[in-house]
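Overview (structure and organization)
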Amino acid sequence: PHCTGLAPNPQPSYAGGSGKTTLAKLLFNRLAPHFQHSAFIELQHDVRIGNQQLGDLLGQLGVESNRHASATGLLSMLDKYVCNKAVLVVVDNVWTSEHLDQLLPRRFGPGSRVIITSRSSEVTSSWWQQMGQQMKQTAVAGLSSEAATKLFHESANLDLGYCMPSMQLREAEQKLLYACKGLPLALELTGRLLRCASAMRLSLQSWLVGR
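Residues numbered from 1 in each chain as written. Predicted model: local features only at pLDDT ≥ 70, side-chain atom pairs only at ≥ 80, totals over all residues. Heavy atoms only, no water.

It is worth spelling out unusual backbone geometry at this point. Backbone geometry at Asn-93 places phi at a positive 70°, although glycine is not the residue there. With respect to the element layout, Asn-93 can be found in strand 3 (residues 87–94). Classification of Asn-93 as buried rests on a relative accessible area of 17%. (Helix = DSSP H or I, 4+ residues; strand = E, 2+ residues; numbered from the N terminus. Buried < 20%, exposed > 50% of the residue type's maximum accessible area, 1.4 Å probe, protein only.)

Pasting the structure below:
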């Protein structure tokens with residue numbers, strides 16, 4: 001299959017919020033109409049791959065499965081089903097290569113596309129090496145300074161000039177932006193948190209005093 005891995009840039013990292021899930025969902029929504037069978041699976045950190053995840057994957061691909069079947073049986077069913085079909089499978093938020101071993105079959109039909117997102121690039125690359133396949137790995141970089149500032153302002157959604165002198169405001173803003181490291185989720189959540197005028201005044205003053 002055509003394989004793509006999405007991971008943070010530049011080095012393996014365990015910091016979330018770089019936009020991998022958003023990008024994966026965007027790719028899935030754009031590509032899915034071109035495949036007769038497609039599935040999007042989002043994993044949690046402490047998940048144990050079993051009947052629920054395998055049954056969900058089979059169901060999205062249009063396969064009825066026996067809920068009482070073992071995980072091994074479901075994986076075998078999945079392997080037989082996709083081996084000669086062009087399918088799109090997106091697995092989001094993979095923490096270990098064992099997750100992929102337990103969830104995905106070893107073979108896909110010609111024309112298939114598999115997209116995997118992980119906080120560590122080592123997870124995706126090591127799994128594909130075990131399968132003897134090559135993959136295209138795409139690093140998801142943080143936002144530029146200009147884009148990060150714009151997202152922060154849009155999320156905060158108010159003019160903060162009234163609550164403290166402009167120099168203090170700029171210093172506080174730069175410290176917040178630096179702490180967010182260009183991560184879209186961090187910028188958006190910080191902006192939303194500070195949207196309330198009273199919360200903003202307290203948070204910025206506390207930030208300046210603390211720093």
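Right, let's talk about the environment of Val-114 for a bit. Turning to its location among the elements, Val-114 is positioned in strand 4 (residues 113–118). As a C-alpha pair, Val-114 and Leu-104 span 10 residues in sequence and 9.7 Å in three-dimensional space.

Examined against the element boundaries, Gln-53 turns out to sit in helix 2 (residues 51–60). Within the local environment of Gln-53, its side chain forms a polar contact with the backbone nitrogen of Gly-50, the two atoms lying 2.9 Å apart. Discounting chain neighbours no more than four positions away, the residues touching Gln-53 are Ile-41, Leu-43, Val-47, Arg-48 and Leu-103. (Polar contact = N/O pair within 3.5 Å; in protein donor to acceptor, adjacent residues only side chain to side chain. Contact = heavy atoms within 4.5 Å.)

The next point concerns the environment of Thr-190. Position of Thr-190 among the secondary structure elements: in helix 8 (residues 184–193). Overall, Thr-190 belongs to the buried group, its relative accessible area being 18%. When near neighbours in sequence (up to four residues on either side) are disregarded, Thr-190 contacts Phe-152, Leu-176 and Cys-180.

Glancing now at the pairing of strand 2 (residues 37–42). For strand 2, the tally of buried residues reaches five of six residues, placing the bulk of the element in the interior. Both strand 2 and strand 3 contribute to a ladder of six bridges, which runs parallel. In the strand pairing of strand 3, Glu-42 is matched with Asp-92. (Pairing = 2+ DSSP bridges.)

Time to look at the packing of aromatic side chains. The full count for this structure, using the stated rule, is one aromatic pair. A centroid spacing of 5.6 Å and a plane angle of 70° characterise the contact between Phe-28 and Phe-40, whose relative ring orientation is edge-to-face. One end of the pair, Phe-28, is in helix 1 (residues 20–31); the other, Phe-40, is in strand 2, with 12 residues separating them in the sequence. Taking relative accessible area as the criterion, Phe-28 reaches 14% and is therefore assigned buried. Taking the relative accessible area as the measure of exposure, Phe-40 reaches 15% and is therefore buried. (Phe/Tyr/Trp six-rings, centres within 6.5 Å; stacked < 30°, edge-to-face > 60°.)

With that settled, consider the pattern of salt bridges. The final tally for this structure, using the stated rule, is two salt bridges. Its salt-bridge partner being Arg-107, residue Asp-79 comes within 2.8 Å of it at the nearest N-O pair. With Asp-79 in helix 3 (residues 71–82) and Arg-107 in the loop between helix 4 (97–103) and strand 4, this residue pair connects regions lying 28 residues apart in the sequence. Taking relative accessible area as the criterion, Asp-79 reaches 16% and is therefore assigned buried. We note a salt bridge from Asp-101 to Arg-106, for which the minimum N-O separation is 3.2 Å. (Salt bridge = Lys/Arg side-chain N within 4 Å of Asp/Glu carboxyl O.)

A word on the nonpolar core. Ranked by size, the top nonpolar core spans 26 residues in total, and within it Leu-43, Leu-57, Leu-61, Val-91, Leu-103 and Leu-104 carry the most contacts. Not counting the four nearest positions on each side in its chain, Val-91 is found in contact with Ile-41, Leu-43, Leu-100, Leu-103, Leu-104, Ile-115, Ile-116 and Thr-117. (Core = buried A, V, L, I, M, F, W, Y, C linked by side-chain atoms within 4.5 Å.)

The next thing to look at is helix 6 (residues 145–156). Structural remark: α-helix, 3.6 residues per turn; residues separated by three or four positions point the same way. Its 12 residues place the ends of helix 6 16 Å apart at the C-alpha level, agreeing with the 16 Å of an ideal helix rising 1.5 Å per residue. Of the residues making up helix 6, those classed as buried are Ala-148, Thr-149, Leu-151, Phe-152, Ser-155 and Ala-156. For helix 6, the buried positions fall inside an angular range of 165° around the axis, keeping them on one side. Exposed residues lying more than 90 degrees from the buried face of helix 6 are Glu-146 and Lys-150. Following helix 6 by one or two positions, Asn-157 adopts a phi angle in the positive range, close to 60°. (Expected span 1.5 Å × (residues − 1). Arc of directions from axis to C-beta.)

With that settled, the discussion passes to the pairing of strand 4. Both faces of the sheet carry side chains from a regular strand, because those side chains alternate between them. For strand 4, the tally of buried residues reaches five of six residues, placing the bulk of the element in the interior. Here five bridges tie strand 3 to strand 4, and the two strands are oriented parallel to one another. Bridge assignment links Leu-88 to a residue of strand 4, and that residue is Arg-113. With respect to chirality, the unit in which strand 3 leads through helix 4 into the neighbouring parallel strand 4 is right-handed. (Right-handed = clockwise from strand over helix to strand, strands pointing away.)

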